[in-house]
Structure formats: C-alpha cells, structure tokens
Amino acid sequence: RLMTSKIRSIAEKFSIYESIYFPHTLDFRGRAYPTAMYLNPQGNSLAKGLLRFADGKPLGTNEAACELAIHGANCYGYDKASMQERVDWVVAHQDRILQAGSDPLADLWWAKEADDAWSFLAFCNEWVGYCENGYDHVSYIPCAKDGSCSGLQHFSAALRDPIGGAAVSLIPSDLPSDIYQAVIDLTKKKVHADLRSTGYVDEKETITTRSLAKLWLEYGMTRKTAKRCTMTRVYGSTLFSARKFIQEYLTETDAKRLEKDASYVSVLDGYEFEASVYLAKHVWDSINKTVIAAKNGMDWLQESAKVLAKQNLPIVWTTVDGLPVMQNYLDMSKRRVKTKFGDKLIYLTLQEPVENKLDSRRQGNGISPNWVHANDGCHLRMSVNLAKSNGVTHFGMIHDSFSCHAADVEMFGACLREAFIDLYEHNNPLQLFKSQAEAQSGLELPPLPATGDLDITQVKHSEFFFA
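Position labels on residues start from 1 in each chain and follow its written sequence. Only residues with pLDDT of 70 or above have their local features reported here, since the model is predicted, and side-chain atom pairs are shown and tallied only from 80 upward, although totals for entire chains, interfaces and linings are computed over all residues. Side-chain metrics in this entry use all non-hydrogen atoms of the structure; hydrogen atoms and water are not considered.

Caption draft 1: Fine view of a nonpolar patch on the surface. Together, Phe14, Ile16, Tyr17 and Ile20 line one region of the surface with nonpolar side chains, adding up to about 420 Å² of accessible area. On the basis of relative accessibility, which here comes to 40%, the residue Phe14 falls in the partly exposed class. Without a salt bridge and with relative accessible area above 30%, a residue can belong to a patch; like charges are then joined within 9 Å and nonpolar side chains (Val, Leu, Ile, Met, Phe, Trp, Tyr) within 5 Å. Note on areas: these come from Shrake-Rupley sampling with a 1.4 Å probe, and a residue is covered only by the protein chains present in the view. Any Lys or Arg side-chain nitrogen located within 4 Å of an Asp or Glu carboxyl oxygen qualifies as a salt bridge. Working definition: with a 1.4 Å probe on protein chains only, accessible area under 20% of the residue-type maximum means buried, over 50% means exposed, and in between means partly exposed.

Caption draft 2: Seen up close, the side chain of Gln42. The helix count covers DSSP runs of H or I at least four residues long, the strand count covers runs of E at least two residues long, and both are numbered beginning at the N terminus. For Gln42, the position within the fold is in the loop between strand 2 (32-34) and helix 2 (45-50). Whenever two N or O atoms come within 3.5 Å, that pair is a polar contact, provided that in protein one can donate a hydrogen and the other can accept it, and provided that, for residues adjacent in sequence, both atoms are side-chain atoms. At a separation of 3.0 Å, a polar atom in the side chain of Gln42 contacts the main-chain carbonyl oxygen of Ala32.

Caption draft 3: A look at the pairing of strand 5 (residues 143-146). A one-sided burial pattern is seen for strand 5, the buried positions being Cys143 and Lys145 and the unburied ones Ala144 and Asp146. A strand pair is defined by DSSP finding two or more bridges across the two strands. Relative to strand 11 (residues 401-404), strand 5 runs antiparallel, the two sharing four bridges. Within strand 11, the residue paired with Ala144 across the bridge is Ser403.

Caption draft 4: Quick peek at the nonpolar core. What makes a nonpolar core is a set of buried Ala, Val, Leu, Ile, Met, Phe, Trp, Tyr and Cys residues whose side-chain atoms join them at distances within 4.5 Å. Grouped together as the largest cluster of nonpolar side chains are 111 residues, with contacts concentrated most on Ile97, Phe120, Phe123, Ile179, Trp216 and Trp371. Any two residues having at least one pair of non-hydrogen atoms within 4.5 Å are treated as being in contact. Residue contacts for Trp216: discarding those within four places in its chain leaves Met221, Thr225, Ile246, Tyr249, Leu250, Leu268, Ala275, Tyr278 and Leu279. With six residues, the next largest nonpolar core counts Ile7, Ala11, Leu39 and Ala47 among its residues.

Caption draft 5: Quick look at the pairing of strand 6 (residues 315-318). Covered by surrounding structure in strand 6 are Ile315 and Trp317 only, the residues Val316 and Thr318 on the alternate face being uncovered. As defined by bridge partners, strand 6 adjoins strand 7 (residues 324-327) across four bridges and the pair is classed as antiparallel. Bridge pairing links Val316 to Met326 in strand 7. Linkage of strand 6 to strand 7, two consecutive antiparallel strands, is achieved through a turn of five residues, within which Gly322 is found at a positive phi near 100 degrees.

Caption draft 6: Broad picture of helix 15 (residues 292-310). If you check helix 15, its first and last C-alpha atoms are 27 Å apart, about what 19 residues at 1.5 Å a residue would give, namely 27 Å. Along helix 15, the residues that are buried comprise Ala293, Ala294, Gly297, Met298, Trp300, Leu301, Ser304, Ala305, Leu308 and Ala309. The elements touched by buried residues of helix 15 are helix 8 (150-158), strand 6, helix 16 (360-388) and helix 18 (429-441). Residue Asn312 follows helix 15 closely and has a positive phi angle near 60 degrees. Helix span, as expected, comes to 1.5 Å for every residue beyond the first.

Caption draft 7: Representation of a positive patch on the surface in the model. Positive charge is attributed to Lys and Arg, negative charge to Asp and Glu, and no charge count is given to His or to the chain ends. Just so you know, the charge point we use is NZ for Lys, CZ for Arg, CG for Asp and CD for Glu. A surface patch of positive charge is lined by Lys224, Lys227, Lys256 and Lys260. The residue Lys227 is located in helix 12 (residues 223-231) in this model.

Caption draft 8: Layout of the state of the cysteines. Defined by distance alone, a disulfide is two cysteine sulfur atoms within 2.5 Å. According to the stated counting rule, one finds zero disulfides in the structure shown. Cys378 takes part in no disulfide bond, and the closest cysteine sulfur, belonging to Cys415, lies 15 Å away.

Caption draft 9: Region of the structure containing the packing of aromatic side chains. Within 6.5 Å between ring centres, the rings of Phe, Tyr and Trp (the latter by its six-membered ring) count as paired, and their orientation is classed by plane angle as stacked under 30 degrees, edge-to-face over 60, tilted in between. Counting across every chain of the model gives 22 aromatic pairs. Ring geometry for Phe465 and Phe466: centres 4.8 Å apart, planes at 70 degrees, overall edge-to-face. Cation placement over rings: the criterion is NZ of Lys or CZ of Arg within 6 Å of the ring centroid and within 35° of the ring normal. Across from the ring centre of Tyr140, 4.6 Å away, lies the NZ or CZ of Arg52, which sits over that ring.

Remember, this is a structural readout, not a statement about activity or role.
This is how it looks when you write it as structure tokens:
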C-alpha cells in the first residue's frame, strides 16, 4: 500500500505536464537504470501502466494493430502461443476487453486474472480507441518485446550452441521455445524413474526418495517450478539457491490453492524442506543437461577470474560498442562493534574493505552474471542506436525488454536482430574478453571452450527471438 501511495502521489504531481523525462544511469557493467524512484519505466505494474509516451503515433497498418493486440495478450499472460493465436485471443475476448477499457470497475476480472494487470488495463483503453478509430487510432502506450531467457541467449550465441540456441529461440520455430518447460519435462522423467526405483532410507533421511517422487507427482510440477532456477543459472545461482526457489514456489502455490479452496492441505505438508532439496537436485541436473555450452562458458569465466584473482588483479574488458568494464570486488574485513540502544546492548558487524586485496570468491562468482549483463547492456545500446537511425524515436527499456510505439515494433524488431547478429556474428565477445584480460594482466588464461555450429544469422527469421 505504501508503494501504491507513493506512485500515485508522484503521478498526480507530474500529470500536469505535457511531457516528463527520466534521466538514466549506467552501472559498472553498462546496464541502464532510471534514477527516479517508484514511478519510472522499470517500476512495478502500476508504474508501467500509468506511463505513456508523450507523443502518440497512429497505428496506420494492420501489422501495427496486430502488434498492439500481441502486446495485450502478453500483458495478460497469454504469451506461449503463436503470434496469430495471441491476436485471435484478443479478438475472442474483445467484449470483455472493451468493457474493461471503458468501465474498469464494473468487473475486476482484468485485475484478478492478468499477469501484468495495470499494463493490461492500459492496453484495454488503447483497444477501445482502435475499435472506434481503426488504423487512424493514435497509440501512446509502449509495446514491449521480451527476450527469451536472454542470459542463455547470450551464452548460446557466444558459443554457437545449436541445442541451447533452439531452446531460447535463436533459430526459427512455429511456436515459441520454452526452456522452462523443457527443464521441467526432463525433471519429471527423473522423478518417474525414482518412483520405479526400490527407494532407500538412511540415518539422515525422514522420508524415502521413492515417497518424495510419488508426492511430487501427486502435487504437480509446471514450468513455473523450474523457472527461477533456470533463468538465474547464468547469473551465478547455485544448487542451494535452487532449493530456496523451489521452496518459495511451494509456498506461493499453496497460498494460491488455499485461496481457491479453504480446506486445501498440501500432500507435501510437513516435508517442504525435504521435497525442495530432492527436486532441486533433479532440476539442477536437468538445467545443466539442457544448456551444456552455457555451463562450459560459465565455468571458463570463473576459472579465468580465479587465475587473475590469485595475482590480486581486477578483471578489465571493453564491450563491443566500446564501454569499459571493471570487476573489482575488494576483500572485506569484519569488526564486531558493541553499542547501546536505550538500555539494551547491541552487537553490530562492521564490514570494511581491505586495501589492495581482492575477494577471490566474489570475483569468481560475479564474473558470469557481470559478463552477461555487460553484453545485454551492449545489445540494448546497439539496438537503440540502430533503431534511432531508422526512424524509431521513443523507447522504454528494461534490460532485455524493448518497448516502442506499436507502429514501430516491426522496425525495432528488425534492428534488435541486426544488432544481435553484429554482436556475435561479426564479433567474438568471449575472445575479446580473453585477449583484453591477458593484455591487461600479462597472464595466460585457460583456452576458450569449444564452439558449435549455430548460424547466428538465423535469428533474423526467428519470430520468437524477442516476443
């Protein structure tokens, strides 16, 4: 409620102006963030739903109207179907959409059902305008296209991995690839195999592996079960964090089921920890078997970081578009501080950087996500620059989510594909990283991992690369 209150208050104050601007800053990896808090293009659903471009653009064509419809279906959560099916979904639900756009409080179905409720409501309002004015409708809302697990897209492209590339829509397909579904399908096979096994109990176990498998199959596993574990794999997540994500999934799923049925009791009740440990191992193994090349790339980056950290050297490289990046995590010393708060003694831990000494563990753990973020930031800048030179004037960016007017989506989509090809077909970011790190340090890093035969230029024809 506090967040909603702050966003509403700021929106009311700035609503009197014809246009407002959001200064952005880059972090050390080159990712762009708006400096304004609460109400900004990277805010929550309410913040994004309230913001429109200051200047509108007429739809003009059937293609632009379809892109507006696709954006609406995506906001609702109907985003795993073909593009035509998403348009058809909007047409099939047009009466409810028009009602929500005209009188949203009459029926709150949009608030209860849509994944991104406020952005979906903004779309409903736009769709009312389109139905009244046709292609002459002037559209103001940012229509977003999101990358398909962009971290894995970058690793798959850098290592020319055809298997990983197919899993994250780098090559054409009739339907969007769903790496989360692929991971959970493989996980289910492992769970079924456990169910057929004899099972065992050791001194540390309170429930058999076979029993856990049976309970999980009864509880049910969906793509959401594996989503957080999979999407964070290239950002340095561990088996420990995978267990945490699965336990959070159990908590959230149980809460939703309890809302629908007050008498609901989970079959895993009392065994949540054991169940999350059990499934996390299978999910983790399934991820590593689905994205083999990405794992090799991460391992190489971590080994290289450790080589440099042993010599107490930071990691310095330049992105393809020329942004200098330096990863320099200092070692921290801890000091216990005893103080008083009222009549109570309080013990605090004060962390202070150790001068001229790097934290080798953080250097190793941080390099994979930082390399990915540096490249997705580079792709964003290259895409925006190319789109700007081709007539696209308004942008709303959230790292791997690219927004523009519906009328410009087709051009922007072509530009972000060309920029991606330029980044990985005409350049080699991993080799560039290795050469620059060796030149800076005077050390020899391990040889680069083997590359596959993925044709990066196929991304031109991949409808679901950013969808």
